[in-house]
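What follows is the residue order along each chain.
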Amino acid sequence: MTTVDQILFGWAERDHEGNAGVRPVAHSGLRTLDRWAKRLQYVWATQDGQGEQPEDSASLVHLVFDDEAAVLRKLPSRNPHGRGGATLTHVLVGDPRAIDAQLALGLHDWPGWRDREPDGTGADLAPLDLDDLREAARPGLAALRDRVTEVPAEQLNALVARVLAEPAEEFSVLTRPQLALPTMTALLDIAGPVAGRPWTFASRESTDKGGHQPRVVFLGARPPQSMYINQRRRVDVTEPPPDTDSARFAAQLVELYREAGPAALERIRPRHPLHTADDVDAWRRSVPVVDGRIADPRVRLDIFLDDSLLERTVARAALVHERARMTGELRKQPAEWLIAALHRWHRLEHRASRHPELRDLLMSEALEACLAGQGPDELVEATREAEPAPPAVARVFGRQVPPRGLDLSRAGHRRLLIVALALRMSPDTLDHADLFAASPAHELLDLVVRYSDRYPKAMHLVLRHLADAGQSPVAARLWYEHGLLLDPVDRISGGDRATEADCFRQLLLAAHGPRLDHTAAAALVERAGVRAPLGLYAAALELAADDGAEQRIRYELSEQFLRAEGYAGPGPASGYGSRPRGPVLGARTAGPGAPPGHSAAGPVPGAAERPWQGPPLPGEGSSPPAAAGAGSYPSSSSPAQAHSEWAHPAAPGRPQAPAAHPGADHHAPGVLPDPARWDPLTPPQEAGDAPFPHAGGPQVPSEGPRRRVPGLGQLDGVTVTIVSALLFVLLCMLGYILLTWMP
């Protein structure tokens, strides 16, 4: 941090050494205090203006030495001891390259100036931050430029003409003290830098004699004659200058300055500082003059805020040549200026329809200010309300993306993406290879969680980029920690099943790759729970790499289907870890000594022999894919019957009673009821079971006198006919043998 030291000069009574008078009474610990006390002994002594208001009587002085510069505010005041005319001088000391004339002028109304002497002595002043001083000086300098209109044009012409005639000299200007600071501001803006000593000034003095006087000293009255030889050029602004080329050029410069401001002078000023009258003549010849006036070759940016200026500029046909120059300058304007221009150049405004090229230029520059810089939120909102074209937003966004892609762990990259989306950039812009190649997985997932409701299509593409990064155990862990992103995916899909399945497909690819094995499928089922949508299992079934993974997923699909159709209760939870343990679907019940979950199932039929296994999934077609292993349905039972075997497990060593009732007409879509499988001997009311599996939890059927004979309940009419025919043939053969062997 660059600091500026402070010194306060005031009247001091005699000290222990017998010294009295004006000297430093407070400071901020400046090491060169004694040096400054000697430098300023003839500067702070003025007593002009005693008895006036402080803002009128105070004198502002700017001095520059080889190694230090200073800004002084001299205030004639009455000290606490009653001595009148004891000038109170507050000095700011710092680097000469930082404390220039513009900073000194801007501090003329700085609230930090001391108006009273402190009680006693001591270093009770603190160093000041240079950046804070510059910030405080900006409004003060702007106020002085506005006050230039108070200075009569002929007086300003006279002063500028004398300065351009001898630019390297020093001047004493006779004018009213109230006009000193605005006049100095205009002189500095018009003449610019001058070779030799930099511009320094004193705004209110009673004399221009003494050593190391500023380059410009403003006097309220002509000082009395003295024997002192003064080499300074005294200028009485009330006297008109001689009619020369330099004087006419000075009048033209003053006119341009009053009309277009300091920026117009910056555009026509020569590259090198002025030193002699020849330099001024060369400058005059290089400036275009039309009808006796200097023609500003550039269009003022105020055409976006002033309709009358816009019409005059259009009449000059200057817009065609100035559009390239304005590119890059608009974005540098303050945010308040851009916001005001955007409100005036909305798409529906009349001026925007008449000059669409200017609106496009303004929108492009506003987008650059929002995306390339750190524009405030108010500017982003104003740009959004102005309705920029999405292709224009995409072009500016593309120019700001680094060659290696966005790294969302960096605040600037994340802000670039979110601001571009807020400005209505098309989500398709994100469908670009390696756009998020530098972004870690946790940042991509966090982005989807945060913005899935505001930018669903864009977050869908972010999931695709996550999948393009390849399989990662870190991505799998983070996905599970975010609850499988069920809610964000639901917001992204908006009810569209294909989008939902695709989102989960991208997440599965990022977590487990293109092949979902049995272990990954088991972990997915355990994590999914009862809230898992069908799109998750549809995507998982598509990526299933083996029969074990496929059957595990199909089991969950059948559970959800039965639960949705009312054939199964919701239960306490979903997943293998929390469900009541019954026989695995499609497996024979093991003996009493078998461990839980042990399957004694025989060979599983092939794909052509496998029975119906649930409703076809989206994109699956009418024939389900092949599956084998634990969890397959037996060829002699329907899915509803197989589910009843889980919901109502039988006692060990005893066949299970059916759960369906002959009178029940509810069944899963696509399942054809088989009346031959119903057991008329064991109605649910007598067996103690509920009519349907969802009427209660797992139950064991009660023992009754009318129990079904094991095995017979599985015989249909054709089987009985065949068995009867075989028995008849056997009886005939037995009768023939008996008749043959009888004597």
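Given the structure is predicted, the values throughout are model-derived calculations rather than measurements.

Thresholds applied
- Residues numbered from 1 in each chain as written.
- Predicted model: local features only at pLDDT ≥ 70, side-chain atom pairs only at ≥ 80, totals over all residues.
- Heavy atoms only, no water.
- Buried < 20%, exposed > 50% of the residue type's maximum accessible area, 1.4 Å probe, protein only.
- Helix = DSSP H or I, 4+ residues; strand = E, 2+ residues; numbered from the N terminus.
- Arc of directions from axis to C-beta.
- Contact = heavy atoms within 4.5 Å.
- Pairing = 2+ DSSP bridges.
- Patch = residues over 30% accessible without salt bridge, like charges linked within 9 Å, V, L, I, M, F, W, Y side chains within 5 Å.
- Areas by Shrake-Rupley, 256 points an atom, 1.4 Å probe, with all protein chains shown as cover.
- Salt bridge = Lys/Arg side-chain N within 4 Å of Asp/Glu carboxyl O.
- Lys, Arg positive; Asp, Glu negative; His and termini not counted.
- Charge placed at Lys NZ, Arg CZ, Asp CG, Glu CD.

## Notes on helix H21 (residues 486-493)
Among the residues of H21, those classed as buried are Leu 486, Pro 488, Val 489, Ile 492 and Ser 493. Along the long axis of H21, the arc covered by the buried residues comes to 165 degrees, so they all point the same way. Where H21 is buried, its residues contact helix H18 (441-451), helix H19 (456-468) and helix H22 (497-512). Positive backbone phi, at 60 degrees, marks Gly 494, one or two positions downstream of H21.

## Description of the pairing of strand S3 (residues 59-64)
When a strand is regular, its side chains alternate between the sheet's two faces. The element S3 is largely enclosed, with a buried count of 6 among its 6 residues. Sheet topology note: the S3/strand S8 (residues 201-205) ladder contains 2 bridges and is antiparallel. Paired with Val 61 across the bridge in S8 is Ala 202.

## Overview of the pairing of strand S9 (residues 216-219)
Residues Val 216 and Phe 218 point to one face of S9 and Val 217 and Leu 219 to the other, with burial holding for every one of them. Judged from the 4 bridges that link them, strand S7 (residues 171-174) and S9 form a sheet pairing that is parallel. Each bridged residue has a counterpart across the sheet, and for Ser 172 the counterpart in S9 is Val 217.

## So, the side chain of Gln 506
Along the polypeptide, Gln 506 turns up in helix H22. Overall, Gln 506 belongs to the buried group, its relative accessible area being 9%. What Gln 506 contacts, discounting residues up to four positions off in sequence, is Leu 463, Arg 464 and Ala 467.

## Remarks on a negative patch on the surface
A contiguous patch of negative charge, built from Glu 336, Asp 377, Glu 378, Glu 381 and Glu 385, is present on the exposed surface. Among the elements that make up the negative patch, the one with the highest residue count is helix H15 (residues 377-385) (4 residues). Along the polypeptide, Glu 385 turns up in helix H15.

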